Each structure stands twice: as structure tokens, then as C-alpha cells.
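Working through the structure, step by step
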Amino acid sequence: MRLPIPWKKNRLPPFTCTNHLYFTTSNLTRLITMLSSPPPPPSSNSLASTHLQSSPQNHQLISILEQCRTMKELKQIHSQMIRTGLIRSPVERRRLLSFCCTQQSGEMDYARLLFDEMPNPDLFDWNSMIRGYSNRHFPEAAVLVYVEMLARGFVPDDYTFPFLLKAFTRDAAVELGDELHAHALKFGLSSNAHVRNALIRMYSTSGEIDTARELFERSSKRDAVMWNAMISGYNRSKQFVESLKLFEGMMKASVPPTPVTYISVLSACARSKHLEYGARIHGVIKESGMLPNLKIENALIDMYAECGDMDEAWRLFEGMKVQDVISWTAVVAGFADSGEIDRARMLFDQMPERDSISWTAMIDGYVRASRFKEALEIFRVMQVANVRPDEFTMVGVLAACAQLGALGVGEWMRLYMERNKIRIDIFVGNALIDMYSKCGSVERALEIFNMMHRRDKYTWTAIIMGLAVNGREEEALDLFSKMLGTSVRPDEITYIGVLSACTHAGLVDEGREFFSSMITEHGIMPNVAHYGCLVDLLARAGQLEEALETINNMPMKPNSTVWGALLGACRIHRDVEMAELAAEHLLELDPENNAAYVLLSNIYAKCGKWDEVRKVRQMMMDRGIKKTPGCSLIEVNGEVHEFVAGDRSHPGSDRIYSKLEEMGKELKFAGYVPDTSEVFLDVGEEEKENAVYWHSEKLAIAFGLISLQSGVIIRVVKNLRMCFDCHNAVQFVSAVYDREIVVRDRTRFHHFRGGLCSCNDYW
DNA sequence: GTAGGGTTAG
């Protein structure tokens, strides 16, 4: 079939007029051919139905049908219609079908049954079916009906495509968009404004914003709706500057903006944090006489809140005659974002009505405020309130699980999603990979990665990072080279993952190579974090001088992470002189950095320089600097337990400490010697032993040994780096108690099994 | 006798 399609050749190759194979090879066409069948015989009951309709009983039924509100009522009416024979009237049948397809309460399964019973469905009925599936967000089902319709010899009209395309998700738009566009052209419908706007929307959904723009440009008449469609298309592709430019163009073309125009433009200002422009638009809106208007006011509140002007957002909110759930959510999210999380919570509790978006905004607020347990707690309350979480919600709670290292809760979330039919879309998939990686369950992370159909740079970055910190550096680098074979490009964060893989594995040469190919091959200029990785890589591998040289030659000012990396390596390599230099720079940049003091004193202590240790301690006291207390989390039965060193606040404390004592004996029997070289205090040997005995991770592990069945992996999350003694002790525990233990510390994972650690003592 | 554009969250 050759199609007379006037279209630019280089832009849309699959259906330009030169490609006449298109319709014969496509999936849709194959389906259409497969389904093609002779049309059903014409109905023979039209006369009868005319006769039936006139009975008084049927008149009554028809008027009840007109007022019908629920499916239950509809089904009753339907059965009566069958009894009286009214069902044979095509008009009344159609009314039943329309109800199912267009009403909120309508059911598409029932619609399909009705439709299949229709002797002669016409184009209106086919459109109704398509519209019904579309409204319920079943694009695939809508397309199938469309295909069936073509196979039965019907020709779509200018209603068909807007209905069909309305529900298109990104996947559907990518897969079928071009082909359906070709159909619209073939049927001569593409110049219809409704069809064209539907196509513009569809292309901006599939990411082909330039194609959308081309449709827009090629239109002879552009009304406000078309401008709006194009502006929101740019919003959808996150090209906010283009949205604003287009709005300017609309003004120049003297097309009067509608409320929707302003809502879209304000959204563009909000998301690009363009407060000044937003405020100007605010002025224009005031003059337009469109206010008060709930939706515009909501957009204004959102714009001010996102741009950080909470005073103005709050003023607007308070001045509103009516507020809806969107207005409330915008201020709650605004306060949460600006750091006033408790105020946000207070408002949240006052909300007259909360939907899943409001709950999600609150959950995300807690996550951003690093209050992860509260994020999980409010998710629980959300379920009590019987509000159904969606994909967005799950991303938030999974992030909380990731930070807490709460694998059990994370697993529960995944089951929950399965049971509640929450899809693993690309965002949820990425969040799951991150959660599993940060909980040390890299196998599960890989499972998710492998089942994802679509992967973006965040997907690849998450899995590369996950493998890198879990001691599977080679696989991380393998996946990175696989990533380079796809169309997804790495960004600066991906390279942090790649470089940390090299650091953890001590792959100095490879790391150097990646560092330079990042610049030469991908045009990514290294930032201070990349230099931090490079310094870490060199220093940890013992090339301290070279690391220092790198710092001195950096094109930007080194930050505390960079000096911290050098200082940390000095601890491993016991280089006091270099440590002093690094600490000096570090404290100059960040005088409050308690980790620097602690590291320096650790190094002095290791080298037996007790006078120096005392000096550092004195300095800390003089300056009022306190060591961040070590803190370890362990999850048991879905509850996260928290321990700090020497902690006795846990209800099971007595049992934990006696377990700890027993552990000490067992470990010593197996050859473990406490390594007190890093103890911060200059005290007697016995006290030092106690000091390391009571480190938070040992408490958490003792608790894990008591409360978790044998065979269950003990997983602990620690806020600081593990000390040498704990690392050594846990290796012994894994052998003596035959337990797999996973500890996530500040920088990486340690998987202990059979007396060995996945980090090969290189951390 | 049906329809097109929009806002709050990752």
C-alpha cells in the first residue's frame, strides 16, 4: 500500500511516502489483517424494536436509564430491558454502552460484554469503547479496539484519535506513536485541530518534542489550545526556557492566553526556579481579571513555594476564598522543602482532606530532612487512613529504607507493591536498585536491574554504584562498559561510581584511565568530587606523594572531602607527617570537622605518640568539638533498632551485654586479640578493651545473634567508618558463629563470611 | 450524539 503522505523525509523515516513497506510490516497492520473478518449480518429486529419502544413500560425504563448513576442500577435496568425486549433497540443499547464507557462508575468489562452483543455497532460505539479504555488508562486495550475496528472495515473519524491518544503513556507513545500518526495522515484527519493537538501531546509524552514542534509549526491556524499544548509539551520535556519563549511567541502572535496558559507558564517558572519571571506573570494575571481562580492561585502558590518564597506563598494561601487539596499540598511541600518540616507536618495534620499526593509530599519531606524513621511511620499512618499509595509514594519510602539499611522493610514494600498492583516503573525500579544496594543485597539489585525494560542513566548509575560499594568492583566496571554500548550516556555521578569501583579494588591505573576518558571521550569536566575520588584512589593504594601532588595541581580549591581522603589513607599507611599536613588543611577549611581530629588522634595513637594524642584531645576540648558518636542500626522483625557505643537504653540490654561477654571469650579462644591501637582515650589497657567491646556495631551484632535465627544474615548500618578492631572482631564472629554478617559503614559495605571480609581488609 | 490544552509528588 502506497501512502500519499507529505512529510519531511529525514525526520520521520518510518512513514514517509518513500517507505511503502511500512503498513505491510507493522505490528498493527499484522494485527488488523489477522482480525479481519466479514462484517456481521445486518440486524433483523429493527422493526420489532420500534414497536417495543412505544410501550409505557419501556418509556419508564428509558427515563430511569437517563437518571442511572451506578453500575448496580445499570445492570438492573439492563435485565429489565432484556425482559421487555427493549434491548433490541440500538439507541437504548448504545445508552447502556455509553454509560459504562464515559461515567466514573462505569465498568469496561461490562461495556465489552454489551458491545459484543451488539449486532451492528457503529463508529460512535467503537469510539465509545476506545474512549472508555483510554479514560481508564488502558492504552493497550484502546489500541486493540481500534485495530479490531479497522479490521472490521470501519474508517476512523476525527473523534477516534483524540480518544485513542489521550491515555498514551510514554511506552505506548514510543511504540505506536509514529504508526498512529501515519494512520491519522492516511485517513486525512491530521489537519483537524483536535487530532493535531492530541498528536502534539502524544509526541511530547514520548520525548519527541521536536516532532511535536514540527506539527505545531506546520499548522496553518494556531489557537490558544494548540499553544497551550505545545507549552505544556516543553514542560513535559523539562525544557522550561523553551516554554517561556513559546509563551512570549504566543503574546507576539496576539493569541489571548487562557487560564491554562498561565498555569503551564507558572509551572515552568516553578520548576526552573525563575521567581522573577513568575512574579511578573503574577502581575499580568492580576491585570487580566482572571482572579480569583482556584487553579491559577494554586499554580501561583506552587511557583512561589518552589522558588523558596514561602512568605508570598503563605500570604496567597491565606488570602484564598476556597482552598482545595492541591493548595494545601503546595504549602505543605513548600514548608517541607524549605527546612520547616515540623511546620509542614502541623499543616498536614490540619488538612481537611489528604490524597496520595499530599501523603507522598510529607513522606518526601521527611526523607529530605533525613528523618527516615518518621517517613516510614507516616507511610504506616497513610495505610491506616486507607489512602492508596502509588509509584511516587513508593519511591519515597524505598529511599527511606535505603538510608536506614532496612532490608526487611524494603522487601515488605516490594511485596506490598506486588499485592497492590503498583507498577515497577523506571523510577520505582531505580529506587529498588538503590534500596537493595544500600542494604547490601546486591543480588536483588541485579534482579531488578535485569528485569527493567527501560533503563536511564540513574538506573545504570545506581547499579554501578551498588556493585562498587559491595565489593563487586569488576562487575561494576563490566556493566559500565555495557552501558557505553547503549544510547544512555554516563554523567558526572556515573563516573563517581566508576571511580569508586576502582578505589575499592585498588585499580590505580584503570582509575586514572577512566578519569581522563571521562574528559576526552564524554566531555565531562571533573569536579571536586572526582578529584576526591582520584586522591582517594592514589592515597589508599599507598601513593601518598602522588595524591598530594594531585591536590596541589587541581584546577579548583580542594575541599574537605579531598583532604579527608588523604588523611584517611594516612591512617592505613601510618604516615604521621602527611597526616599532619592533611589535617592542617582540613581543619583550616572546616574547623568543626570532628572526624579530622579523631582520625589524627587515631594515627598518633597507632604510632604510640600519646603526647600528641593528648594535644589533639585538648584542642578539641578547647574548641568545644565533640566526636560524632558511633551509631549502628539493625532491623529485626521490621523494626529498626539503634545502638550507640556503651548504650544501655535498649530494653534487652542485659541479654545483649551478657552475649557480648560470651562473644569476647569465644573470640579470644579462637585467637582474636583486641586491637586497641585506635582507642581515642589514653587509659589503662583493660578500659581500652572495654571501650572497643562496646562499639555500637558490636552491640548491634550481639543483638542480631540473639534475635535472628541462625542462617539469617545479620545486617548492620553504621554512621562512621568501622574501626580496625571491629573489623577484625566481626571477621572472627562470622567464623566462630558461622554467620554471614553485612556491615555498611560510611564509605562501603563489608560482607563477612567464614572469617573473611569482601573488602580484603582494604578500606 | 462524543473531543483538544493545565496545576500538586519521584
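Look up: the structure comes first, before these words.
So, a few notes on the structure that sits alongside this text. (Residues numbered from 1 in each chain as written. Chains lettered and ligands numbered in written order. Predicted model: local features only at pLDDT ≥ 70, side-chain atom pairs only at ≥ 80, totals over all residues. Heavy atoms only, no water.)

**Focus: the pattern of salt bridges**
- Counted under the stated rule, the structure contains 38 salt bridges.
- A salt bridge links Glu377 to Arg380, with the nearest nitrogen and oxygen atoms 2.9 Å apart. Of this pair, Glu377 and Arg380 both sit in helix α23 (residues 372–384), 3 residues apart, roughly one helical turn.
- By relative accessible area, which is 46% here, Arg380 ends up partly exposed.
- With a shortest N-O distance of 2.9 Å, Lys438 and Asp434 are connected by a salt bridge. You can see Lys438 and its partner Asp434 sitting in helix α26 (residues 426–438), 4 residues apart, about one turn around the helix.
- For Lys438, a relative accessible area of 29% translates into the label partly exposed. (Salt bridge = Lys/Arg side-chain N within 4 Å of Asp/Glu carboxyl O. Helix = DSSP H or I, 4+ residues; strand = E, 2+ residues; numbered from the N terminus. Buried < 20%, exposed > 50% of the residue type's maximum accessible area, 1.4 Å probe, protein only.)

**What about a negative patch on the surface?**
- A cluster of acidic side chains, namely Glu545, Glu549, Glu577, Glu580, Glu584 and Glu588, defines a negative patch on the protein surface.
- Of all the secondary structure elements, the ones that give two or more residues to the negative patch are α33 (544–553) and α35 (576–589).
- Among the elements that take part in the negative patch, α35 stands out by supplying 4 residues, more than any other.
- Within the secondary structure, Glu549 is located in helix α33. (Patch = residues over 30% accessible without salt bridge, like charges linked within 9 Å, V, L, I, M, F, W, Y side chains within 5 Å. Areas by Shrake-Rupley, 256 points an atom, 1.4 Å probe, with all protein chains shown as cover. Lys, Arg positive; Asp, Glu negative; His and termini not counted. Charge placed at Lys NZ, Arg CZ, Asp CG, Glu CD.)

**Some thoughts on the sheet that holds strand β4 (residues 741–744)**
- An order of β2-β1-β3-β4-β5-β6 is seen for the 6 strands of this open sheet, with the pairing classed as mixed. The open sheet has two edge strands, β2 (639–644) and β6 (756–757), and neither has a second partner.
- The pairing of strand β1 (residues 631–636) with β2 spans 6 bridges and is classified as antiparallel. Bridge pairing in β2 places Ile634 opposite His641.
- Contacts from helix α41 (residues 724–736) reach β4, β5 (749–753) and β6 within the one sheet, and its direction differs from that of β5 by about 35°. (Pairing = 2+ DSSP bridges. Contact = heavy atoms within 4.5 Å. Axes fitted to C-alpha atoms, helices over the stretch in contact; angles between N-to-C directions.)

**Re the side chain of Asp425**
- Within the element layout of this structure, Asp425 appears in the loop between α25 (407–419) and α26.
- Despite its burial, Asp425 pairs with no opposite charge, the nearest such side chain being Arg423 at 4.3 Å.
- Of the polar contacts made by the side chain of Asp425, one reaches the backbone nitrogen of Val428; its length is 2.8 Å. (Polar contact = N/O pair within 3.5 Å; in protein donor to acceptor, adjacent residues only side chain to side chain.)

**Quick notes on the protein's contact with DNA strand B**
- Around DNA strand B lies a shell of 39 residues, among which Phe124, Arg131, Asn228, Thr258 and Lys295 are the nearest.
- Among the atoms of DNA strand B close to the protein, meaning within 4 Å, 39% are from sugar or phosphate groups.
- In this structure, Arg131 approaches DNA strand B through a side-chain N or O atom, which is 2.2 Å from a phosphate oxygen.
- Residue Tyr159 places a side-chain N or O atom 3.5 Å away from a base nitrogen belonging to DNA strand B.
- With 5 residues, the top contributor of residues to the surface near DNA strand B is helix α14 (residues 224–236).
- Taken together, the residues of the surface near DNA strand B break down into 14 nonpolar, 9 polar and 16 charged. (Near = heavy atom within 4 Å. Nonpolar A, V, L, I, M, F, W, Y, C, P; charged D, E, K, R; others polar.)

**Re unusual backbone geometry**
- Leu291 connects to Pro292 through a cis peptide bond whose omega is 0°.
- Phi is positive for Ser370, which is not a glycine, with a value near 60°.
- Relative to the elements of secondary structure, Ser370 occurs in the loop between α22 (356–368) and α23.
- One non-glycine residue with positive phi stands out, namely Asp738, at about 50°.
- Within the secondary structure, Asp738 sits in the loop between α41 and β4.

**Remarks on the packing of helix α38 (residues 653–669) against helix α40 (residues 696–707)**
- Contact geometry for α38 and α40: axes closest at 9 Å, N-to-C directions at 100°. Of the possible angle classes, the one that applies to α38 and α40 is roughly perpendicular. Here Arg655, Ile656, Tyr657, Lys659, Leu660 and Met663 of α38 lie close against α40, whose contacting residues are Lys698, Leu699, Ala702, Phe703, Leu705 and Ile706.
- Along the lines of polarity and charge, the residues of the contact of α38 with α40 split into 9 nonpolar, no polar and 3 charged. (Parallel < 35°, antiparallel > 145°, perpendicular 65-115°, else oblique.)

**A few points about the packing of aromatic side chains**
- Under the defined criterion, the tally for this structure stands at 18 aromatic pairs.
- Here the aromatic rings of Tyr159 and Phe163 are separated by 6.4 Å at their centres, their planes lie at 35°, and the arrangement is tilted.
- Judged by its relative accessible area of 54%, Tyr159 is exposed.
- Residue class for Phe163 comes out partly exposed when judged on its relative accessible area of 21%.
- Look at Trp412 and Tyr416: their rings are 5.2 Å apart centre to centre, the planes differ by 25°, and that puts the pair in the stacked class. Here Trp412 and its partner Tyr416 are both found in helix α25, 4 residues apart, which amounts to about one turn of the helix.
- Aromatic ring contacts, followed pair by pair, group Trp314, Phe317, Trp328 and Phe335 into a single cluster.
- Positioned above the aromatic ring of Phe216 is the side chain of Arg222, whose terminal nitrogen or guanidinium carbon lies 5.0 Å from the ring centre.
- The lysine or arginine in question, Arg354, covers the ring of Phe348, its NZ or CZ lying 5.0 Å from the ring centre. (Phe/Tyr/Trp six-rings, centres within 6.5 Å; stacked < 30°, edge-to-face > 60°. Lys NZ or Arg CZ within 6 Å of the ring centre and 35° of its normal.)

**Describing the environment of Phe480**
- Inspection of the secondary structure assignment puts Phe480 in helix α29 (residues 473–484).
- When the C-alpha positions of Phe480 and Thr461 are compared, they lie 8.5 Å apart, and in sequence the two are 19 residues distant.
- Residues within four places of Phe480 in sequence aside, it is in contact with Ile464, Pro490, Thr494, Tyr495, Val498 and Phe514.

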